[in-house]
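Structure at a glance
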Amino acid sequence: MSELLQFILSGITVGAVYALVALGFTIIFNASGVVNFSQGEFVMLGGMSTVFLLDAGVPMLPAAVAAIVIACAVGITLNKLAIQPARGASVVSLIIITIGASIFLRGAAQIVFDKQLHRFPSFSGDEPFVIGGATILPQSLWVIFGAVAVFTGLYFFFTRSLMGKAVLATANNPLAARLVGVNTNFVMTLSFALSAAIGAFAGVLVTPITLTSYDIGIALALKGFAAAVLGGMGSPFGALVGGLLVGLIEAMTAGYISSDYKDAAAFIVILGVLFVMPHGIFGRATVERV
Amino acid sequence: MRTLSPKYATLIALIALIAVAPLFFPSTFYYRIGALIFINGLAVIGLVVLIGYAGQISLGHAGFAGIGAYACALGPIYLGLPPVLSLILGAVLSGAIAWLVGRPILRLRGHYLAVATLGFGILIYMVLNNESQLTGGPDGMPVEGLGLRELLKSAGFEIKASKLWYWLAALVMLVGALLALNLHDSPTGRALRSLHDSEVAARSVGIDVARYKLIAFVISAIYASVAGSQIALMNKFISPDIAGFLHSIELLTMTVLGGAAMVFGAVIGATILTALPQVLTALHDFENLVLGLIMMLVMIFMREGLVPSLARLVRRRER
């Protein structure tokens with residue numbers, strides 16, 4: 001029993017990170033229709049920037065904030081220089097552009113930072129808590145509560161604030177949104193900044209547990225993308241459920257079957273779900289206009 | 001004056017490229033790169049059928065290359081098959097798997113199709129990587145050579161392995177190109193291209209959309225599989241990386257970089273992306289940076305790919 005609880009706890013921790021990455025995918029997808037495969041690089045940038053700022057003698061909190069700001073700047077630049085000029089390109093072209101951006105950012109990181117594996121100390125020590133026979137690291141709680149805070153904050157942003165509603169309007173119909181006075185270009189910029197910030201935030205939270213290096217981005221992007229699709233592309237709630245599901249499936253497979261196949265299990269489940277629900281769990285069916 | 005049909009123009013251009021290139025090779029090492037280009041070119045021509053003709057996407061085609069490669073590695077050991085038959089077995093296997101997997105997967109569209117093919121590719125990679133008692137795991141395994149060079153030697157004809165592979169891979173690619181070009185103008189090709197433009201319109205004129213998507217998927221899987229087999233036979237060694245996500249992306253980028261809608265463009269894409277890393281190794285750490293930059297720039301400024309965009313530029317100049 002305590003074994004099961006242990007797997008659930010570790011699944012939720014990893015799942016929270018996937019959910020944050022998936023949320024980043026969802027926000028950019030809603031604003032621009034682009035699946036941003038460089039989403040994982042924001043997580044890497046968050047972790048790596050914090051590591052190097054800490055090394056430079058900056059205290060933890062300012063370092064983390066600066067790392068998130070750096071990722072935001074990269075996200076905004078990416079949108080301005082690579083995504084906006086390619087507006088209207090096909091899905092395949094856009095996928096290649098964002099994968100190109102991901103390779104570019106990885107290449108830049110290996111030059112600006114280095115190729116070593118890094119970590120920094122946990123926020124509140126490494127003394128694990130014991131819950132019902134299972135243990136959980138304090139840092140895992142930081143990750144889980146961090147994700148809860150981000151999702152709650154965004155829920156209120158989207159439902160209560162004018163800007164949030166403008167973002168939703170753009171997602172629904174960019175032309176109509178522009179007609180009622182929404183600055184859709186600003187919404188695009190905001191979405192990239194927001195996604196980058198969320199990714200970097202996840203990177204800062206998870207680095208003490210999983211370590212970071214210049215090349216962690218692509219694997220995270222794949223898992224996050226899979227989670228976003230599992231939940232239903234474009235649905236923030238779907239991103240949350242998809243992320244947690246992928247995390248839990250991985251943890252259960254690693255625990256009960258074989259850790260070699262933990263990555264495979266998540267994809268088998270996703271293929272299964274897509275066969276039954278071709279638009280993910282919470283996705284809307286798109287109607288093609290003729 | 002009658003102008004040359006695109007089919008023959010493409011074939012003549014490819015043959016000229018293959019025949020003339022060796023004149024500029026400073027050493028035999030370049031024959032190897034040439035062979036690699038033609039092998040990648042074959043896989044990419046398959047993707048032209050899937051992406052350029054039928055308008056579908058795949059982020060997992062390296063999986064089929066992996067099946068083809070490991071068929072050549074395992075066939076001689078476990079089934080006692082000669083390498084050539086192993087290659088055919090791999091192609092048949094890939095086609096069959098593509099047919100089975102394609103039926104449910106190809107109902108999906110756009111990003112959902114992307115993630116499904118991605119998942120398929122990763123599953124193949126994981127099996128090759130984890131079943132180490134069979135496949136040697138991440139370290140890879142040796143592959144028995146084709147034996148053609150020994151055969152030629154016994155007939156009194158000696159040729160360096162790299163040169164032999166250059167001509168062999170070129171021949172196989174030409175056959176692949178010819179088949180793909182013929183397909184383009186056949187009723188099946190027209191059906192594929194119609195569902196690229198609009199699935200609804202294709203369906204309303206009586207085209208069995210699901211069936212034609214499946215045909216394109218199976219064809220491209222077989223091309224990828226034969227390419228994978230050739231890599232295994234040429235290198236006499238294979239590791240699971242051939243089925244990895246990055247290889248899938250490489251193939252996809254080659255296809256779109258040159259121009260997904262045409263066979264010649266795809267071969268140019270394969271040439272650039274195969275030769276580029278050889279050039280970039282001189283830049284060491286900047287390799288990823290430059291590769292990513294090129295991918296972005298071409299896709300932003302030449303959306304249809306290099307060859308169609310340049311061709312249009314030339315045509316405009318002529319007018």
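Residues numbered from 1 in each chain as written. Chains lettered and ligands numbered in written order. Predicted model: local features only at pLDDT ≥ 70, side-chain atom pairs only at ≥ 80, totals over all residues. Heavy atoms only, no water.

**Concerning unusual backbone geometry**
With a phi angle near 65°, A:Leu211 is a residue other than glycine that sits in the positive phi range. By secondary structure assignment, the location of A:Leu211 is in the loop between α8 (184–210) and α9 (217–231). According to the relative accessible area criterion, A:Leu211 is partly exposed, its value standing at 29%. Of note, B:Lys236 is a non-glycine position whose phi angle comes to about 55°, a positive value. Relative to the helices and strands, B:Lys236 is located in the loop between α11 (209–235) and β2 (237–238). (Helix = DSSP H or I, 4+ residues; strand = E, 2+ residues; numbered from the N terminus. Buried < 20%, exposed > 50% of the residue type's maximum accessible area, 1.4 Å probe, protein only.)

**Some points on the interface of chain A and chain B**
Buried accessible area, meaning the area lost when the parts come together, often serves as the stated size of an interface. If you look at the interface, chain A gives 49 residues, while chain B gives 38 residues. The largest contributions to the chain A side of the interface with chain B come from A:Ile96, A:Tyr261 and A:Phe275, which together make up 15% of the buried area. Where chain A meets chain B, there are zero salt bridges. Of all elements in the fold, only α3 (60–83), α4 (91–112), α9 and α11 (262–276) of chain A reach the threshold of two or more residues within the side of chain A that touches chain B. Sort the elements by how many residues they give to the side of chain A that touches chain B and α4(A) lands first, with 15 residues. Of the residues assigned to the side of chain A that touches chain B, the class counts are 35 nonpolar, nine polar and five charged. (Contact = heavy atoms within 4.5 Å. Buried area = accessible area lost by both parts, 1.4 Å probe. Salt bridge = Lys/Arg side-chain N within 4 Å of Asp/Glu carboxyl O. Nonpolar A, V, L, I, M, F, W, Y, C, P; charged D, E, K, R; others polar.)

**Topic: a nonpolar patch on the surface**
Residue and element names in this part refer to chain B. There is a patch of nonpolar side chains on the surface, built from Ile 77, Tyr 78, Leu 79, Leu 89 and Leu 134 and spanning about 490 Å² of accessible area. Here the nonpolar patch takes three residues from helix α3 (residues 62–79), the largest share from any one element. Following the sequence through the fold, Leu 79 ends up in helix α3. Residue class for Leu 79 comes out exposed when judged on its relative accessible area of 56%. (Patch = residues over 30% accessible without salt bridge, like charges linked within 9 Å, V, L, I, M, F, W, Y side chains within 5 Å. Areas by Shrake-Rupley, 256 points an atom, 1.4 Å probe, with all protein chains shown as cover.)

**Considering α9(A)**
Residue and element names in this part refer to chain A. A rise of 1.5 Å per residue sets the reference length of α9, with its 15 residues, at 21 Å; its end C-alpha atoms lie 21 Å apart and thus fit the reference within 8%. Here α9 lies mainly inside the structure; 14 of its 15 residues are buried. Residue Gly 232 follows α9 closely and has a positive phi angle near 115°. (Expected span 1.5 Å × (residues − 1).)

**A short note on the pattern of salt bridges**
Residue and element names in this part refer to chain B. Tallied over the full model, the rule gives four salt bridges over all chains. The residue Glu 199 makes a salt bridge to Arg 109 at a minimum N-O spacing of 3.3 Å. Linking Glu 199 in helix α10 (residues 199–204) with Arg 109 in the loop between α4 (83–105) and α5 (110–130), this pair joins segments that are 90 residues apart in sequence. Taking the relative accessible area as the measure of exposure, Arg 109 reaches 44% and is therefore partly exposed. A salt bridge links Arg 203 to Glu 199, with the shortest nitrogen-to-oxygen separation between them at 4.0 Å. Separated by four residues within a single helix, Arg 203 and Glu 199 lie in helix α10, roughly one turn from each other. Connected via shared salt-bridge partners are Arg 109, Glu 199, Arg 203 and Lys 213.

**Thoughts on the confidence of the model for chain A**
Chain-level pLDDT for chain A is 89 on average; 98% of the residues reach the 70-or-more range. Considering each helix and strand of chain A separately, the mean pLDDT is smallest for α11(A), with a value of 82, and largest for α3(A), with 95. (pLDDT = per-residue confidence, 0-100.)

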